[in-house]
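Single-letter residue listing:
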Amino acid sequence: MRLPLEVTAEGTYVVRAQVGGSGPFRLVLDTGSEFSALKQSHVAGLEVPVQTQSVLVHGLFSARHARLTRDIDVSAGQLATRVPMLVLDEDGYSDMSADGLFGLESLGTQRTGARYAQIDLTEQSLILSSYLRTSDRGEINAWTPLDTDLPAGAHLLAFEIVIDGVRGRALLDTGLRYSLINDAFAERLALRRRTRLVDIIDTHGEEKGLRVVSVPDLRAMGLHWPRASVLVYDAAAFDFLGWNEAPAALIGVNMLQHLRLIIDTEAGRITALPEAPRRQRFDYITPRIKP
């Protein structure tokens, strides 16, 4: 099963999905979120019951409570699932080019029986399959185990990352335009403090100036980036995961261009394949982060 992805004005990728029989809605493919989500105005139009229960939604700078709908049908192509959705405050969701989020729960509970989820940002598609092609198996450089030592109930794509010999933990976050390391990582890498600042707006619409650094020799998911541009900030997600005191990173879409990510949901592992011209090197320079 292959679902097309479209690039948003924010540089992220959306799935067109039907929700409660209405739509299609443009939902950002967000591996940094367990829940899928829909803007409040759309939820009101669906007339779906909303629970009194709320959950914390972690933006880059802060966390806010959001309520959940009752279970509702979500479908895209042959993918079909029934999940609760977060209700996003119109004033607190900054991406005006999207209607909400397509989170991991919508992939994990889908009814197709697919073992593998592939996010191909070269071909701009989401692929769900029960097996891997022989050619894919031959191209895989290495599998990386997914980290299961997460807060109770958290089901996210976390794995080991190594930057210039310093080991840390990383979260794959396709809802984030840029990649980011925390202060603990920056200190261990002895990065210089005098760097340029870039204004960043997070999911909740909050804006801050964050410093940009260039880090050498980054290795993750079986691949090697000789140099990568990342932001430095103790993101709210690190606090939720309990990662603030040790080196940690969020891997956003700026590091995933020209890659096909393969997630083995049964074995709990992840890998990445580069596009054909780059397969012999496994080396990348991330795009420069611009204001």
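So, here is what we can say about the structure in this document.

Cut-offs used in this document
- Throughout this description, residue numbers start from 1 for each chain and increase along the sequence as written.
- Whole-chain, interface and lining totals are the exception, using all residues; otherwise, since this is a predicted model, local features are given only for residues with pLDDT of at least 70 and side-chain atom pairs are given and counted only at 80 or more.
- With hydrogens and water stripped out, all remaining heavy atoms of the structure feed into the side-chain values.
- Here a strand is any run of E in DSSP of at least two residues, a helix any run of H or I of at least four, and the numbering for each starts at the N terminus.
- Partly exposed residues are those whose accessible area sits between 20% and 50% of the maximum for their type, while under 20% is buried and over 50% is exposed, using a 1.4 Å probe and protein chains only.
- Contact between two residues is taken to exist if any of their heavy atoms lie within 4.5 Å; hydrogens are not considered.
- DSSP-based pairing: two strands are paired if at least 2 bridges between them are found.
- Every case where a carboxyl oxygen of Asp or Glu lies within 4 Å of a side-chain nitrogen of Lys or Arg is listed as a salt bridge.
- Note on aromatic pairs: the rings of Phe, Tyr and Trp (six-membered ring only in Trp) are paired at centre separations within 6.5 Å, and the planes decide the class, stacked below 30 degrees, edge-to-face beyond 60, tilted for the rest.
- In this scheme, the term charge over a ring applies when either NZ of a lysine or CZ of an arginine sits within 6 Å of the ring centre and within 35 degrees of the ring normal.
- Definition used in this section: a nonpolar core is a set of buried Ala, Val, Leu, Ile, Met, Phe, Trp, Tyr and Cys residues joined via side-chain atoms within 4.5 Å.

**Structural notes on the overall build of the protein**
- The number of helices and strands found in the protein is five helices and 24 strands.
- Taken over 291 residues, the protein has a buried fraction of 53%.
- Pairs at least 24 residues apart make up 63% of the contacts formed inside the protein by residues separated by at least 6 positions.

**Some remarks on the pairing of strand 6 (residues 50–58)**
- When strand 6 meets strand 7 (residues 63–69), the two strands line up antiparallel, connected through six bridges. The residue of strand 7 that forms the bridge with Leu-56 is His-65.

**Re the pairing of strand 4 (residues 22–29)**
- Inspection of the sheet shows strand 3 (residues 13–19) paired to strand 4 by five bridges, in the antiparallel sense. Pairing of Arg-16 across the sheet is with Arg-26, part of strand 4.
- The antiparallel hairpin formed by strand 3 and strand 4 contains two residues in its connecting segment, where Gly-20 sits at a positive phi of about 60°.
- Pairing analysis gives three bridges linking strand 4 to strand 11 (residues 100–102), with the strands arranged parallel. Residue pairing for strand 11: Val-28 is matched across the bridge by Leu-101.

**Let's talk about the pattern of salt bridges**
- In total, this model carries 10 salt bridges according to the counting rule given.
- Residue Arg-82 pairs with Asp-73 through a salt bridge whose shortest N-O separation is 3.2 Å.
- Judged by relative accessible area, Asp-73 falls into the partly exposed class, the value being 39%.
- Put simply, Glu-266 and Arg-115 hold a salt bridge, and the shortest N to O gap is 3.5 Å.

**Considerations on the sheet that holds strand 14 (residues 144–145)**
- Ordered in space as 1-13-12-22-23-14, the six strands form an open sheet in which the pairing is antiparallel. Since the sheet does not close on itself, it has two edges, and those belong to strand 1 (2–4) and strand 14, each with one partner.
- In this structure, strand 12 (residues 116–120) lies alongside strand 13 (residues 125–129), joined through five bridges in antiparallel fashion. Note on strand 13: the bridge partner recorded for Ala-117 is Leu-128.

**What to know about the packing of aromatic side chains**
- All chains considered together, the criterion is met by one aromatic pair.
- Residues Phe-61 and Tyr-233 carry aromatic rings whose centres are separated by 5.3 Å and whose planes lie at 90° to one another, so their mutual orientation is edge-to-face. A residue pair is termed long-range when its members are at least 10 positions apart, and Phe-61 in the loop between strand 6 and strand 7 and Tyr-233 in the loop between strand 20 (223–232) and helix 5 (236–241) qualify at 172 residues. For the pair formed by Phe-61 and Tyr-233, the shared burial category is buried.
- Directly above the ring of Trp-143 sits Arg-269, whose terminal nitrogen or CZ lies 4.1 Å from the centroid.

**Concerning the environment of Leu-86**
- Secondary-structure assignment places Leu-86 in strand 10 (residues 85–88).
- Residues Leu-86 and Gln-40, 46 residues apart in the sequence, show an inter-C-alpha distance of 8.9 Å.
- Each residue touching Leu-86, except ones within four places of it in the same chain, is listed here: Phe-35, Ser-36, Ala-37, Leu-38, Val-55, Val-57, Ala-66, Arg-67 and Leu-68.

**Description of unusual backbone geometry**
- Cis geometry marks the peptide bond from Gly-23 to Pro-24; its omega dihedral reads 10°.
- Relative to the helices and strands, Pro-24 resides in strand 4.
- In this structure, Ala-190 is a non-glycine residue whose phi angle is positive, near 55°.
- Positionally, Ala-190 belongs in the loop between helix 4 (183–188) and strand 18 (197–201).
- Within the chain, His-258 stands out as a residue other than glycine whose phi angle is a positive 65°.
- Relative to the helices and strands, His-258 is located in the loop between strand 21 (248–251) and strand 22 (259–264).

**Re the environment of Ala-267**
- With respect to the helices, strands and loops of the structure, Ala-267 is situated in the loop between strand 22 and strand 23 (269–274).
- For Ala-267, a relative accessible area of 45% corresponds to the partly exposed category.
- Between the alpha carbons of Ala-267 and Leu-146 there is a distance of 8.9 Å; along the sequence they are 121 residues apart.

**Here we look at the nonpolar core**
- Formed by 84 residues in total, the largest nonpolar core has its most connected members in Leu-60, Phe-159, Ile-161, Ile-181, Val-215 and Leu-218.
- Discounting residues that sit within four places of it in the chain, Ile-161 has contacts with Val-166, Arg-167, Gly-168, Arg-169, Ala-170, Phe-185, Leu-218, Arg-219, Ala-220, Ala-249 and Ile-251.
- Counting 11 residues, the second-largest nonpolar core is a separate cluster that includes Val-28, Ala-66, Leu-68 and Ala-98.

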